[in-house]
Amino acid sequence: NPITIAGRARRYGLNTDASYRYERGVDPSLQRQALERATQLLISIAGGQVGPIIEMINDSYLPLPKPILLRPARIEKILGMEISAEKIENILTKLGMQLTKQLEGWLVMPPSYRFDIALEADLIEEIIRVQGYDAIPTKQPQMQLAFLPQSEQLMSISRIRHLLVDKGYHEAITYSFVAPKLQQLINPDKQAFALLNPISADLSVMRTSLWPGLITAALYNYNRQQARVRLFETGLRFWPTHNELQQEPMLAGLAMGNRYPEQWSTKQASIDFFDVKADLQALFALTGCADEFTFHAGEHPALHPGQCSEISRQGKKIGYLGALHPAILQALDIKASLYVYELQLAELMQMRLPQLDVISKYPAIRRDISFWINASISFQTISDCIKACANEWLSDVWLFDVYQDKQKNSEQRSLAIGLLLQHPERTLVDEEVNQLMEKIINTLIAQLAVTLRE
């Protein structure tokens, strides 16, 4: 039985000529033919008297052929053409099949060596194979076509790809199975699913992250003097669970080398963490919900402890951004900084429907705040604190200056933040702006222990 034999030789590492033949199917009637031929030779050479043949057949294991009903109406429906009954009988008879005329068509018994014929469609395929595929007429399908509904709140993957290409990235398509050693470096705490029959020792486990494939591609380019590499990939990662292999669509990217291509007007500078972060922020802006994405200091075994950011959307963790760990760079013999990110693709595709909003015709007021704060507190925390205590007049908050005097106090740094205030229906007066600024400053002092600079 081919189904019983198939795959067993590879599973046990016993590849023999018998397994090669039996998993592809061997005609069970060959024994009777061989016995009859041997009997014929014995009688013709030595004489003798022939006895009966005794056969022990287990029908549950042997792939014995079964009669198949073939209908002319079905042939015409599938092929879109009419073939005469005489031609059908001629083709099937010459292929070694036995035909019995029925009311609906024919009852066809395929020969025992044709393991591939079990359905009516198989017989129709044999007929048109002999008749010639070029004989099939070209006809327009008779059907009503309708567009499937598509939500406007779901962003297409092609839009994400186009933006990253505009940012200078190249799309990569890598194997879903990777080298165990590199996989262990990226996710040492996650046991990868091992393949039973890998194509090579370096591609023997399913990836738990898209980073191994991108890093391998970047290493290939780095070893060939490519000074500027930017790659991204969309694909599945495979998380083994107790009962199944969970498949999750992800978006991953990688950047290394110079910030810009070599040119006369700009000095060469290596890419840094904030360059890649800006690319992701542009990607988040596509959703119309850029305010829902936040960056927080995080930890990942494959990322640099001081340059690792956990990315969340409305409090739900969706991925990581950071510099590849120096130990991994040393193991791969890469002497340049390499930045990677990986995000859940489903979270990126959720958009906010655009809504019409009137732009205020009244003048905006800018106020700046400069203060000392603990260096461990991120700007994201400061921005969230300001937005929580401000009202709808606050249009924008941004950081425009950072200063740190390491000789005086390495734990403190000075930040300068700009705030844009604007009322949609009237002009703001200094008194109410001063009250709001005082409220913001008092909140920063109370919650984040800032010290205003004079």
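Keep in mind that this is a model prediction, so the values were computed, not measured. (Residues numbered from 1 in each chain as written. Predicted model: local features only at pLDDT ≥ 70, side-chain atom pairs only at ≥ 80, totals over all residues. Heavy atoms only, no water.)

> Hey, could you run me through the overall build of the chain in this one?
Within the chain, the regular secondary structure consists of 15 helices and 16 strands. Computed over its C-alpha atoms, the radius of gyration of the chain comes to 36 Å, more than 25% above the 22 Å expected for a compact globule of 454 residues. Each of the three principal axes of the chain carries a C-alpha extent, and together these read 125 × 55 × 50 Å. Buried residues in the chain amount to 36% of all 454 residues. For the chain, the proportion of contacts with a sequence separation of at least 24, taken over those separated by at least 6, is 63%. Accessible surface, the chain as shown: approximately 29,200 Å² in total, 52% of it carbon and sulfur. Averaged over its 45 positive side-chain charges, the chain has a centre that lies 4 Å from the centre of its 50 negative ones. (Helix = DSSP H or I, 4+ residues; strand = E, 2+ residues; numbered from the N terminus. Rg over C-alpha atoms; globule rule 2.2 N^0.38 Å. Buried < 20%, exposed > 50% of the residue type's maximum accessible area, 1.4 Å probe, protein only. Contact = heavy atoms within 4.5 Å. Areas by Shrake-Rupley, 256 points an atom, 1.4 Å probe, with all protein chains shown as cover. Lys, Arg positive; Asp, Glu negative; His and termini not counted. Charge placed at Lys NZ, Arg CZ, Asp CG, Glu CD.)

> Can you walk me through the pattern of salt bridges in this structure?
Pairing between side chains becomes possible if they bear opposite charge and their charged atoms approach one another. All told, the structure shown has 21 salt bridges when counted by the stated rule. Of the charged contacts, one joins R129 and E126 as a salt bridge, the two residues approaching to 2.6 Å between their closest N and O atoms. Placement of both R129 and E126 in helix 7 (residues 120-131) is noted, with a separation of three residues, approximately one turn of the helix. R129 sits in the partly exposed class, given a relative accessible area of 41%. Note that E292 is salt-bridged to R313, the shortest N-O span being 3.0 Å. With E292 in the loop between helix 11 (273-285) and strand 9 (293-297) and R313 in strand 10 (residues 303-313), the pair connects residues that are 21 residues apart, well separated along the chain. The buried category is assigned to E292, whose relative accessible area is 16%. Taking the relative accessible area as the measure of exposure, R313 reaches 7% and is therefore buried. (Salt bridge = Lys/Arg side-chain N within 4 Å of Asp/Glu carboxyl O.)

> Just to check I follow, could you spell out the packing of aromatic side chains for this structure?
Scanning the model with the defined rule gives six aromatic pairs in all. Where Y175 meets F177, the ring centres are 5.5 Å apart and the plane angle is 20 degrees; that geometry is what we call stacked. Ring plane angle 40 degrees and centroid distance 5.9 Å describe the contact between F284 and F295, whose orientation is recorded as tilted. Taken as a pair, F284 in helix 11 and F295 in strand 9 lie far apart in primary sequence, eleven residues in all. For the residue pair F284 and F295, the accessibility class agrees, reading buried in each case. What links up through ring pairs into an aromatic cluster is the set F284, F293 and F295. Over the aromatic face of Y220 sits the side chain of R224, whose NZ or CZ is 3.6 Å from the ring centroid. (Phe/Tyr/Trp six-rings, centres within 6.5 Å; stacked < 30°, edge-to-face > 60°. Lys NZ or Arg CZ within 6 Å of the ring centre and 35° of its normal.)

> Which parts of the structure should I look at to understand a nonpolar patch on the surface?
Taken together, the side chains of I5, Y22, V26 and L30 define a hydrophobic patch exposed on the protein surface, amounting to about 320 Å² of accessible area. One can find L30 in helix 4 (residues 30-46). For L30, a relative accessible area of 41% gives the class partly exposed. (Patch = residues over 30% accessible without salt bridge, like charges linked within 9 Å, V, L, I, M, F, W, Y side chains within 5 Å.)

> What is the right way to look at the sheet that holds strand 14 (residues 394-403) in this model?
Paired through backbone hydrogen bonds, the strands of a sheet run either parallel or antiparallel to each other. Reading across from one edge, 14-15-13-16 is the order of the four strands in this open sheet, with antiparallel pairing throughout. Since the sheet does not close on itself, it has two edges, and those belong to strand 14 and strand 16 (451-452), each with one partner. Looking at chain direction, strand 13 (residues 365-374) and strand 15 (residues 412-421) are connected through ten bridges and run antiparallel. Each residue of the ladder has a partner; that of S370, found in strand 15, is A416. Along the sheet face, helix 14 (residues 379-389) touches strand 13, strand 14 and strand 15 and points at about 145 degrees away from the line of strand 14. Contacts from helix 15 (residues 430-448) reach strand 13, strand 15 and strand 16 within the one sheet, and its direction differs from that of strand 13 by about 15 degrees. (Pairing = 2+ DSSP bridges. Axes fitted to C-alpha atoms, helices over the stretch in contact; angles between N-to-C directions.)

> Honestly, the pairing of strand 10 in this entry has me stumped. Any pointers?
When a strand is regular, its side chains alternate between the sheet's two faces. Note that strand 9 and strand 10 share five bridges and pair antiparallel. Directly across from T294, in strand 10, lies its bridge partner S312. Between strand 9 and strand 10, which pair antiparallel and follow one another directly, the connecting turn spans five residues. Bridge count between strand 10 and strand 11 (residues 316-324): seven bridges; the pairing is antiparallel. Looking at strand 11, one finds that I311 is bridged to G319. Connecting the antiparallel pair strand 10 and strand 11 is a turn made up of two residues, with Q314 showing a positive phi of about 55 degrees.

> Sorry, what's going on with the environment of C289 here?
Along the chain, the position of C289 falls in the loop between helix 11 and strand 9. The spatial distance from the C-alpha of C289 to the C-alpha of R352 is 6.2 Å, given a sequence separation of 63 residues. Setting aside its immediate chain neighbours within four residues, C289 contacts F284, R313, M351 and R352.

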